[in-house]
Amino acid sequence: MNEPGVFENPCSICGVKKATLLCDYVIKYSNGIIFARSWKQFQEANATGHNETCDLPICPDCSKNVGHHADMCPHHYKLHLQAKLPGDLEIKRLRQKAKIIEGGIHDARYLHR
Ligand SMILES: [Zn+2]
Ligand SMILES: [Zn+2]
């Protein structure tokens, strides 16, 4: 038997449960606009200038939670997993991250002198 509310807002995946979540996978990155004719236009354009997410309506059973308030539809969850680098590249990436962090600490020391 269907849950109440399913008819108005069914889950896109199972179609049985009520969709209470929207997929948070970013499908389009927005850097906002740089040029605007006026400050007002700039503000309007950037007020909603956040990254565009998938927003597929899904139920909690069909969603994959990938962090704080981040739920993904099964399709994008697969992509999310594929986005991870394979072992050797991941090690190189982490080495570079460590360099950046070390560099940051180094810079901070200079500031305190
Ligand atoms: Zn579902
Ligand atoms: Zn999605």
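Predicted, not measured: the structure shown is a model, and the values here were computed from it. (Residues numbered from 1 in each chain as written. Chains lettered and ligands numbered in written order. Predicted model: local features only at pLDDT ≥ 70, side-chain atom pairs only at ≥ 80, totals over all residues.)

## Focus on the overall build of the chain
Stage number 1. Assigned secondary structure in the chain consists of three helices and six strands.
Stage number 2. Going from N to C terminus, the chain has its helices and strands arranged as β-β-α-β-β-β-β-α-α.
Stage number 3. Here the contacts in the chain between residues at least 6 apart in sequence split such that 55% fall between residues at least 24 apart. (Helix = DSSP H or I, 4+ residues; strand = E, 2+ residues; numbered from the N terminus. Contact = placed C-beta atoms within 7 Å.)

## Side note on the environment of N9
Stage number 1. With respect to the helices and strands, N9 occurs in the segment before β1 (21–22).
Stage number 2. Note: C-alpha distance between N9 and C59 (50 residues apart in sequence) is 9.6 Å.
Stage number 3. When sequence neighbours within four positions are dropped, the list of residues in contact with N9 reads K18, A19 and P57.

## What to know about the nonpolar core
Stage number 1. Residues C11, A19, C23, Y25, L56, I58, C59, C62, M72 and C73 constitute the largest nonpolar core, which totals ten residues.
Stage number 2. Those residues within four positions of C73 in sequence are excluded, and the remaining contacts are I13, C23, C54, L56, I58 and S63. (Core = buried A, V, L, I, M, F, W, Y, C linked by C-beta atoms within 7 Å. Buried ≥ 20, exposed ≤ 12 C-beta atoms within 10 Å, placed from the backbone.)

## Side note on the pairing of strand β5 (residues 64–67)
Stage number 1. Pairing geometry for β5 and strand β6 (residues 70–72), over three bridges, is antiparallel. Along β6, the bridge assignment pairs K64 with M72.
Stage number 2. The antiparallel pairing of β5 with β6 creates a hairpin that spans two residues between the two strands, and H69 there sits at a positive phi of about 55 degrees. (Pairing = 2+ DSSP bridges.)

## Here's the deal with the confidence of the model for the chain
Stage number 1. When pLDDT is averaged along the chain, the result is 83, and 77% of the positions lie at 70 or above.
Stage number 2. Of all the helices and strands in the chain, helix α1 (residues 39–47) carries the lowest mean pLDDT, 71, while strand β4 (residues 57–58) carries the highest, 97. (pLDDT = per-residue confidence, 0-100.)

## Topic: the environment of N65
Stage number 1. You can see N65 is positioned in strand β5.
Stage number 2. C-alpha of N65 to C-alpha of C23: the two residues are 42 residues apart in sequence and 9.7 Å apart in space.
Stage number 3. Each residue touching N65, except ones within four places of it in the same chain, is listed here: A70 and D71.

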